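Commentary on secondary and tertiary structure
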Amino acid sequence: MADAHNGSPTTFAPHRLSKSKYLSGLQCHKRLYLEIHQPALATPPDASTQAILDMGTEIGILAQQRFRGGVLVKSGFRQREAAIAETAALLQDPKIPAIFEGAFEYDGVLVRVDIIERVQIGEGGSSSWRLIEVKSSTRVKDIHLDDLSIQSYVVLGAGLRLDATCLMHIDTGYLYQNGEVDLQALFSIEDVSEAVTDRRGSVPERLAAMKVLLLESQAPKIEPDQHCHTPYECPFWAHCTKEKPKRWIYHLPGKKEIVGQLVRRGIMTIDDIPDDTRLSDVQRKVKDNIEWVSPELGRILRSLNYPIHHLDAETVMLALPRFPSTRPYQSLPVQWSNHIELESGEVVHQEFLHGEASDPRKRWVEALIESLGETGNIVVYSAYEESLICQLAETFPEFKSAFKAIVKRLWDLLPIIKNHYYHPAFNGSYSIKSVLPAVVPSLGYDDLAIQAGGQADGGIATRVERESRESGT
Ligand code: SF4
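Residues numbered from 1 in each chain as written. Predicted model: local features only at pLDDT ≥ 70, side-chain atom pairs only at ≥ 80, totals over all residues. Heavy atoms only, no water.

**Description of the overall build of the protein chain**
- Counting its regular elements, the protein chain contains 19 helices and 14 strands.
- C-alpha atoms of the protein chain, sized along the principal axes, occupy 85 × 60 × 40 Å.
- Here the protein chain, with 473 residues, has 44% of them falling under the buried criterion.
- Put simply, 65% of the contacts in the protein chain that link residues at least 6 apart link residues at least 24 apart.
- Looking at the protein chain as shown, the accessible area adds up to about 24,400 Å², and 52% of this sits on carbon and sulfur atoms.
- Separation of charge centres in the protein chain, based on 51 positive and 63 negative side chains, amounts to 3 Å. (Helix = DSSP H or I, 4+ residues; strand = E, 2+ residues; numbered from the N terminus. Buried < 20%, exposed > 50% of the residue type's maximum accessible area, 1.4 Å probe, protein only. Contact = heavy atoms within 4.5 Å. Areas by Shrake-Rupley, 256 points an atom, 1.4 Å probe, with all protein chains shown as cover. Lys, Arg positive; Asp, Glu negative; His and termini not counted. Charge placed at Lys NZ, Arg CZ, Asp CG, Glu CD.)

**Looking at unusual backbone geometry**
- A cis amide bond links Thr230 with the next residue in sequence, Pro231, at an omega value of 5°.
- The linkage connecting Tyr306 with the following residue, Pro307, adopts the cis geometry, with an omega of -5°.
- Among the secondary structure elements, Pro307 is positioned in the loop between helix H12 (297–302) and strand S9 (308–317).
- Unlike most non-glycine residues, Asn289 shows phi in positive territory, near 60°.
- Positionally, Asn289 belongs in the loop between helix H11 (281–288) and strand S8 (292–293).

**Concerning a nonpolar patch on the surface**
- Where nonpolar side chains cluster on the molecular surface, the patch consists of Val439, Val440 and Leu443 and spans about 190 Å² of accessible area.
- Among the secondary structure elements, Val440 is positioned in the loop between helix H17 (432–439) and helix H18 (453–456).
- In this structure Val440 comes out as partly exposed when scored by relative accessible area, which is 31%. (Patch = residues over 30% accessible without salt bridge, like charges linked within 9 Å, V, L, I, M, F, W, Y side chains within 5 Å. Salt bridge = Lys/Arg side-chain N within 4 Å of Asp/Glu carboxyl O.)

**Observations concerning the packing of helix H14 (residues 384–395) against helix H15 (residues 400–409)**
- It is the contact of H14 with H15, at a shortest axis distance of 9 Å, that shows an interaxial angle of 165°. In terms of orientation, H14 and H15 fall into the roughly antiparallel class. At the point where H14 passes H15, the crossing takes the left-handed sense. Together, Glu386, Ile389, Leu392, Ala393 and Glu394 of H14 and Lys400, Phe403, Ile406 and Val407 of H15 make up the contact between the two elements. (Axes fitted to C-alpha atoms, helices over the stretch in contact; angles between N-to-C directions. Parallel < 35°, antiparallel > 145°, perpendicular 65-115°, else oblique. Left-handed = near helix turned anticlockwise from the far one by under 90°.)

**Observations concerning the site of the ligand**
- Every residue lining the ligand is accounted for by Cys28, Lys30, Arg31, Ile222, Pro224, His227, Cys228, Cys234, Phe236, Trp237 and Cys240.
- More than half of the atoms of the ligand fall within 2 Å of the grid points belonging to the largest cavity.
- Counting only elements with at least two residues in the shell around the ligand, the list comes to helix H2 (29–37) and helix H9 (237–240).
- Taken together, the residues of the shell around the ligand sort by class into eight nonpolar, one polar and two charged. (Near = heavy atom within 4 Å. 1 Å grid on protein atoms, 1.4 Å probe; cavity = no way out; pocket = protein on both sides within 12 Å on 5 of 7 lines; lining within 4 Å. Sits in = over half its atoms within 2 Å of the grid points. Nonpolar A, V, L, I, M, F, W, Y, C, P; charged D, E, K, R; others polar.)

**Describing the pairing of strand S10 (residues 331–341)**
- Counting buried residues along S10, nine of its eleven residues qualify, which places the element largely inside the surrounding structure.
- Inspection of the sheet shows S9 paired to S10 by ten bridges, in the antiparallel sense. Of the residues in S10, the one forming a bridge with Ala313 is Trp336.
- When S10 meets strand S11 (residues 347–353), the two strands line up antiparallel, connected through seven bridges. Within S11, the position partnered with Ile340 by the bridge is Val348. (Pairing = 2+ DSSP bridges.)

**Thoughts on helix H3 (residues 47–64)**
- Its 18 residues give H3 an end-to-end C-alpha distance of 26 Å, which sits within 8% of 26 Å, the value for a rise of 1.5 Å per residue.
- Among the residues making up H3, those that are buried are Ser48, Ala51, Met55, Ile59, Leu62, Ala63 and Gln64. (Expected span 1.5 Å × (residues − 1).)

**Points about the sheet that holds S9**
- The five strands lie next to each other as S11-S10-S9-S12-S13, forming an open sheet whose pairing is mixed. The sheet is open, and its two borders are formed by S11 and strand S13 (410–412), each paired with just one other strand. Neighbouring strand axes in the sheet, compared pairwise and without regard to direction, differ in orientation by 30° on average.
- Pairing of S9 with strand S12 (residues 378–380), which is carried by two bridges, proceeds in the parallel orientation.

Read these as geometric descriptors, not functional statements.
Shown next, in the form of structure tokens:
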């Protein structure tokens, strides 16, 4: 990076890190560098990402209620010194059983710990503690162990005695009935001390490498690839890929090992892939880059029975169950759209959107059964609608025979497209977002009333289910 005044390289003073910066650095040194020195290059989170972050905050606050008498460190995230002093005072008070958002600093890293619980008060008043990180996920993931390894490294370095390091996450086995949510059942606390101790050993070395790179005058040269998407989508993806060619080799679908092999051979675009390279069917179609129609496609499409219902259903998945007999993250249907194509060519649109905070399921089901009637195929894109209907049949046995009849009429367009049609505009993706604008150029996915789960539900949806559906996997 050049200095704005004299054009000479800028050098940076040592920078204090946080837990999230450390985790960014584990994903990619360039990401860490840009977050610290050029944060404006990041793409801001979209509405659904923000909703997931907000849901995490809501779950974090709820988790605190499980620790009676716990005290929140009120100083904000920018009030470093005040937060550390406030935490130190609370640590000294043996009457306080737990501290929320406690601030600790060591080795140039500041962390705010979700929950630190006093386990024992020994002779002389010194306490031992249990460090607990709260996540809205449903199981322990690798990234959580890294998260806890940096937190425990700092907390131990700051002089606390830790008896255990734990992850508190949502237990999807919890069946909510009514009234108050049972916090003991909603959350599961897993002791992951051993796995965290293993990882903590590598923290000093990793931190040292991060501190050195942050003093450099330029971001490290790191090529974007698979690491940009795991464990999180990197917000600098648009920046790092802005000069890549349209047919960049990374856009080759399927297993990315082949991409790595090709890049090592200096092949940077799909068009440059040598003809003798072993590719999957889809990869070959992407390389050939021409429209392809199977000879059977016409016959298959003509087998559909009118009236043809084009159905799309939307659900929300709430971490915190609100309706009796539901579990955390259970799919709750809130919306459907049915375009009814008549034999005359006329198309009639019917739709349902549950606009209240009440349980949407029964009204959703009743309206859908009426809209679908008893005749004609029901075209869907993926097996999602079928699995949803089967799940609802368990909840509403009175509709079981209607559901059975609906399932018999379902017709999944996704495998038909996969096996019988390809268009260069798919770019190797059978996601509805890629297929729709290619097949019907006048109608892009962005034109539809429902574009993503996160918008259909006011934001509280997990994208995992929706994305796997959209990608046709
Ligand atoms: S997009 Fe990829 S290469 Fe660029 S900063 Fe992010 S993780 Fe690193």
